[in-house]
Amino acid sequence: MSALENRIPIFVLLSLALCAGVWADAPVSWFKDVNPIFKRSCNGCHNPNKLKGEVDTSTYTGLLKPGKHGPNFVAGQSDKSLLCLQVAGKEPEMPKEGDALSADEVALIARWIQQGAIDDTPTNAYSTRITESPVYSTPPVISAMSFSPDGHYLAISGYHETFLFDATNLTLVSRLLGEAPRIEGLAFSPDSKVLAVAAGAPARFGEVQLWDVASASEVHAWKLGSDSLFGISWSPDGTRLAFGGVDKSVRVIAAADGHEVLKFDNHSDWVFRTAWMADGKRLLSGSRDRAMKLIDAGSGQFIDDINKLLEPILSMARHPREEWAVYGGTEGGLRIYKAKENQERTDANNDVNQVRSFERQPGAVHAVAFSPDGTLLVAGGAGPEVRIYRTADGARTATLTGHTGAVFAVAFSPNGDRVFTGGFDGLVRMYDPATGHMNGIFTPIRLIPPPEVVGN
Ligand code: HEC
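Participant: I'm lost on the overall build of the protein chain in this one. Help?
Facilitator: Scanning the protein chain for helices and strands turns up six helices and 29 strands. Dimensions along the principal axes, computed over C-alpha positions, put the protein chain at roughly 85 × 70 × 45 Å. Counting across all 456 residues of the protein chain, residues that qualify as buried make up 50%. For the protein chain, the share of sequence-separated contacts (at least 6 apart) that also reach a separation of at least 24 residues comes to 46%. Summing over all exposed atoms, the protein chain offers an accessible surface of approximately 21,100 Å²; the carbon and sulfur share of this is 52%. Separation between the mean location of the 43 positive side-chain charges and that of the 52 negative ones in the protein chain comes to 3 Å.

Here it is as structure tokens:
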């Protein structure tokens, strides 16, 4: 025994022994054998969004990056690999919480490293692609809804897909089946020809899809980051797309080839919404960190927080004519702000950009939209009612009832004569904004009834 090993406590020696055992020949697979152990016992603390000890055990690529104290493994030498040493022994260091790995599991990890720590991850291993559109027995939750600016189309989120409707006769034109299961944001290009979709698979990847509306074909699908993306919006000239994400960033990419134009990392929580100012030079973001931030879309420089930080922001919309933006928050707040620098802020008045605060909503406000001429504002969320207000004086002009669950999406038709709502119950409701009268209700997709249960 070397002098060094003499000074190593006994439990370390034990784990050394376990990690340097006798090697059975049967090959051990990273993907089939080792990855599932980490998935169950380790990835909760060691993933790209929660990097305890700077270690990511969730993918082979993640493991290749050294942790705080060096490489996770040395191929061919499990007795020199932290990954094995940390889980072996009588009182293993890892997992930090929960049950220790079984002797068999430790042996699998040791043998995998000993055999060369080979990556046998299949190329489509983390794909969530499905080959056919889903069959639904209950309507999928509606998280996003958007009209094309020319008024011809209405896009509604589904599961793994977006439903494209003819907005005049409300018939389903096509089902845009993509890879990501969760559709979080929908926006038509200013010329109405392309539909942008912000989506993702929680804790796996984010995705931006671009669909050619006329042919209903996917022109691009870019995977970005390791979690869902939200709140996608087009620059007024139709060349760039902005969106937020679980990773707290705001990104701008080029619509032509997807290259990243800028990444803004000034938020400290999920970014749910983005909106471009009419000049195309400034961009607004709304986040769970309670701030609406104004960003220079050219340089990516932070310009200012435009609001007083009152509550996490869930929804946001830019006024079509004024340099204003409205937000809806978790506490039921609904407020309009001037979307500009906030320099006159004083101790006495630290919310100088606020234009109007509306009556408190009956629950968290998940969706807001201005009417096309900006005179009305619609807000919906956790409360049972969706409400319409006059922008000019904040008076409530209509109350839309009939919802049986939270509302996540609201949209005015481009000519302003209809308001659509959608949410948890998966039903699209159509209202007259002047009277609040509901004049239509439908599921975006025909439902297949579940098989009848026979017998007792
Ligand atoms: C409950 C949270 C948690 C779980 C579960 C967990 N770890 Fe850790 N792990 C940590 C923390 C915290 C650190 C950082 C310790 C430090 O820096 O001293 C860490 C550090 C590590 C390190 C680096 C050790 C070093 O000395 O640098 C490795 C390797 C590791 N963990 C492997 C694993 C493996 C393998 C599993 C699953 C069997 C696992 N961890 C499960 C919290 C966890």
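Participant: Any chance you could explain the layout of surface pockets here in plain terms?
Facilitator: A probe as big as a water molecule, rolled over the atoms, marks out the empty space that is left. For the largest pocket, the calculated volume is near 1,300 Å³. Surrounding the largest pocket, 44 residues form its lining, Ser146, Phe147, Leu186, Ala187 and Ala317 being those nearest its centre. Counting residues per element, the ones that place at least two in the lining of the largest pocket are β3 (145–147), β6 (171–188), β10 (229–234), β14 (271–276), β18 (313–318), β22 (365–370) and β26 (407–412). In this model, the second largest pocket occupies a volume close to 680 Å³. Taken together, 24 residues line the second largest pocket, and the ones lying closest to its centre are Pro48, Ser58, Thr59, Ala203 and Arg204. Residue assignment for the lining of the second largest pocket shows that the elements contributing at least two residues are α3 (30–41) and α4 (60–64). Broken down by element, the residue count for the lining of the second largest pocket peaks at four residues, all from α3. Considered class by class, the residues forming the lining of the second largest pocket number eight nonpolar, nine polar and seven charged. Looking at which domains feed residues into the lining of the second largest pocket, each of domain 1 (3–114) and domain 2 (145–442) supplies at least three.

Participant: I would appreciate a short explanation of the sheet that holds strand β21 (residues 354–357) in the present structure.
Facilitator: Sheet strands pair by backbone hydrogen bonding; their relative direction is either parallel or antiparallel. Taken together, the four strands give an open sheet; going across it, the order is β18-β19-β20-β21, and neighbouring strands pair in antiparallel fashion. The two strands at the open ends of the sheet, each matched to only one other strand, are β18 and β21. On average, adjacent strands in this sheet sit at an angle of 20 degrees to one another, irrespective of strand direction.

Participant: Even after reading the chapter, I still don't get the pairing of strand β24 (residues 386–390), so can you show me in this structure?
Facilitator: Both faces of the sheet carry side chains from a regular strand, because those side chains alternate between them. Most of β24 sits out of view: four of its five residues are buried. Direction of pairing for strand β23 (residues 376–381) relative to β24: antiparallel, over a ladder of four bridges. Bridging from a neighbouring strand, Val378 pairs with Ile388 of β24. As judged from the four bridges shared by β24 and strand β25 (residues 396–400), these two strands associate in the antiparallel manner. Paired with Arg387 across the two strands is Thr399, which belongs to β25. Turn length for the β24-β25 hairpin, with the two strands adjacent in sequence and antiparallel, is five residues, and the turn residue Gly394 shows positive phi of about 80 degrees.

Participant: Would you mind going over the packing of α3 against helix α6 (residues 103–114) with me for this structure?
Facilitator: Angle between the axes and distance between the axes: these two values describe a pair of packed helices. One can describe the packing of α3 onto α6 by two numbers: an axis separation of 10 Å at closest approach and a directional angle of 130 degrees. With respect to α6, the axis of α3 lies oblique. Of the two elements, α3 crosses α6, and the hand of that crossing is left-handed. Across the interface between the two elements, Trp30, Asp33, Val34, Ile37, Phe38 and Arg40 from α3 touch Glu105, Leu108, Ile109 and Trp112 from α6.

Participant: Can you walk me through the site of the ligand in this structure?
Facilitator: Taken together, 19 residues surround the ligand, and among them Cys42, Cys45, His46, His69 and Met94 come closest. Here a nitrogen atom of the ligand and a side-chain polar atom of His46 are 2.7 Å apart. Sorting the residues of the shell around the ligand by element identifies α3 and α5 (82–85) as the ones contributing at least two each. In terms of residue class, the shell around the ligand is made up of ten nonpolar, five polar and four charged.

Participant: In this structure, what is going on with the sheet that holds strand β13 (residues 260–264)? I would like to understand it.
Facilitator: Pairing in this open sheet of four strands is antiparallel, and the strands run β10-β11-β12-β13 from one edge to the other. At either end of the open sheet lies a strand with only one pairing partner, and these are β10 and β13. Averaged over neighbouring strand pairs, the angle between their axes works out to 20 degrees when direction is ignored. In the sheet, strand β11 (residues 240–245) pairs with strand β12 (residues 250–254) via five bridges, with the strands oriented antiparallel. Paired with Gly244 across the two strands is Val250, which belongs to β12.

Participant: What exactly am I supposed to notice about empty space enclosed by the protein here?
Facilitator: What the rule picks out here adds up to one cavity of 30 Å³ or more. Empty space within the largest cavity amounts to approximately 40 Å³. What lines the largest cavity is Gln361, Pro362, Gly363, Ala364, Val365, Ala379, Gly380, Gly381, Ala382, Gly383 and Glu385. Top element by residues in the lining of the largest cavity is β23. It accounts for three residues. Grouping the amino acids of the lining of the largest cavity by side-chain chemistry returns five nonpolar, five polar and one charged.

Participant: Even after reading the chapter, I still don't get the coordination of the iron atom of the ligand, so can you show me in this structure?
Facilitator: The textbook angles at a metal center are 109.5 degrees for a tetrahedron of four donors and 90 or 180 degrees for an octahedron of six. Those donors, His46 (NE2) and Met94 (SD), are the protein atoms that reach the iron atom of the ligand, and they lie 2.0 to 2.2 Å from it. Its relative accessible area of 23% is what places Met94 among the partly exposed residues.

Participant: Could you clarify how one ought to interpret the packing of aromatic side chains in this entry?
Facilitator: In this description, a pair of aromatic rings is defined by centroid distance and the angle of the planes. Taken as a whole and judged by the stated rule, the model has 15 aromatic pairs. Here Phe264 and Phe302 contribute two aromatic rings whose centre-to-centre distance is 6.3 Å and whose plane-to-plane angle is 40 degrees, an arrangement assigned as tilted. Placement of the pair is Phe264 in strand β13 and Phe302 in strand β17 (residues 302–305), with a sequence separation of 38 residues. Aromatic rings pair up to connect Trp30, Phe38, Tyr60, Phe73 and Trp112 into one cluster. Here the guanidinium or amino end of Lys223 rests over the ring plane of Phe205, the centre of that ring lying 4.4 Å away. Taking the ring centre of Trp270 as reference, the NZ or CZ of Arg288 above it sits at 4.2 Å.

Rules and cut-offs
- Residues numbered from 1 in each chain as written.
- Predicted model: local features only at pLDDT ≥ 70, side-chain atom pairs only at ≥ 80, totals over all residues.
- Heavy atoms only, no water.
- Helix = DSSP H or I, 4+ residues; strand = E, 2+ residues; numbered from the N terminus.
- Buried < 20%, exposed > 50% of the residue type's maximum accessible area, 1.4 Å probe, protein only.
- Contact = heavy atoms within 4.5 Å.
- Areas by Shrake-Rupley, 256 points an atom, 1.4 Å probe, with all protein chains shown as cover.
- Lys, Arg positive; Asp, Glu negative; His and termini not counted.
- Charge placed at Lys NZ, Arg CZ, Asp CG, Glu CD.
- 1 Å grid on protein atoms, 1.4 Å probe; cavity = no way out; pocket = protein on both sides within 12 Å on 5 of 7 lines; lining within 4 Å.
- Points joined across faces, edges and corners; volume = space filled by probe spheres on them.
- Nonpolar A, V, L, I, M, F, W, Y, C, P; charged D, E, K, R; others polar.
- Domains from an automatic or database assignment.
- Pairing = 2+ DSSP bridges.
- Axes fitted to C-alpha atoms, helices over the stretch in contact; angles between N-to-C directions.
- Parallel < 35°, antiparallel > 145°, perpendicular 65-115°, else oblique.
- Left-handed = near helix turned anticlockwise from the far one by under 90°.
- Near = heavy atom within 4 Å.
- Polar contact = N/O pair within 3.5 Å; in protein donor to acceptor, adjacent residues only side chain to side chain.
- Donors = N, O, S within 2.8 Å, 3.2 Å for Na, K, Ca; no water.
- Phe/Tyr/Trp six-rings, centres within 6.5 Å; stacked < 30°, edge-to-face > 60°.
- Lys NZ or Arg CZ within 6 Å of the ring centre and 35° of its normal.

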